[in-house]
Amino acid sequence: MNQAKSKLRRQLRTVRNSFSNAQRAEHDAAIGRHLSELVKSRRAVSIACYWPFNGEPDITPACRQLMLAGYRLSLPVVTGENGHEMNFHSWRADTGLSKNRYGILEPQNTERVPISSIDMLFMPLVGYDRFGNRLGMGAGYYDRCLETRRDLPAPLRVGIAYSLQEIDRVEGEQWDIRLHGVVNERGWMDFAGQQTFANNAEK
């Protein structure tokens with residue numbers, strides 16, 4: 001295990017968890033607005049979300065609004081022998097959710113959604129840099145799930161984070177899958193082209 005990365009993860013999670021409830025609510029609401037704008041601007045139909053864990057931005061209110069607006073949503077489900085695989089399953093308003101081995105809510109008894117049919121993928125992270133490198137929790141679920149889509153434009157890989165999770169450089173590994181961009185409380189940053197924020201004045 002990379003000890004430097006493990007130490008960096010602990011540091012970034014500590015910083016991420018330092019927000020007051022009011023600050024977190026404000027930032028989460030801003031992230032939700034920017035996500036909705038991004039979905040509409042890219043004309044996405046099928047969107048893979050995540051259920052927040054350990055201080056990750058809570059995007060569930062924005063996802064539920066997208067659900068009500070008719071978008072097709074899914075959530076990750078940990079599967080396979082020893083829980084080393086991750087797939088996406090449909091998430092609807094009436095879908096039952098239960099906790100997985102990590103305590104994260106997952107859909108129960110809904111159909112699997114192939115990664116090839118997903119237009120946009122919201123990805124939680126611990127840290128990121130402006131080269132599209134993502135520091136996750138270290139289990140590699142997203143990297144394995146996306147391996148066959150590594151060089152394809154879809155699904156659009158959207159990291160979800162707070163701006164304080166940005167670092168100068170994430171040490172990459174050969175199996176890492178880069179992000180296409182990040183949404184934080186300031187807006188959307190596209191790593192494929194010009195870096196743009198919805199509102200640089202937001203803090």
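Focus: the pairing of strand 10 (residues 156–160)
Within strand 10, 5 of the 5 residues are buried, which leaves it mostly tucked inside the rest of the structure. Alternating positions in strand 10 separate into two faces, Leu156, Val158 and Ile160 on one and Arg157 and Gly159 on the other, with burial throughout. Pairing between strand 7 (residues 120–124) and strand 10: 5 bridges, direction parallel. Looking across to strand 10, one finds that Phe122 is bridged to Val158. In terms of strand pairing, strand 10 meets strand 11 (residues 181–184) through 3 bridges, oriented parallel. In the sheet register, Ile160 faces strand 11, and the bridge partner there is Val183.

Section: the layout of surface pockets
The space that makes up the largest pocket amounts to roughly 910 Å³. Those elements that provide at least two residues to the lining of the largest pocket are helix 1 (3–16), strand 2 (72–79), strand 5 (105–107), strand 9 (134–135) and helix 4 (141–146). With 5 residues, the top contributor of residues to the lining of the largest pocket is helix 1. For the lining of the largest pocket, a count of residues per class yields 22 nonpolar, 7 polar and 13 charged.

So, how was this worked out
- Residues numbered from 1 in each chain as written.
- Predicted model: local features only at pLDDT ≥ 70, side-chain atom pairs only at ≥ 80, totals over all residues.
- Heavy atoms only, no water.
- Buried < 20%, exposed > 50% of the residue type's maximum accessible area, 1.4 Å probe, protein only.
- Helix = DSSP H or I, 4+ residues; strand = E, 2+ residues; numbered from the N terminus.
- Pairing = 2+ DSSP bridges.
- 1 Å grid on protein atoms, 1.4 Å probe; cavity = no way out; pocket = protein on both sides within 12 Å on 5 of 7 lines; lining within 4 Å.
- Points joined across faces, edges and corners; volume = space filled by probe spheres on them.
- Nonpolar A, V, L, I, M, F, W, Y, C, P; charged D, E, K, R; others polar.

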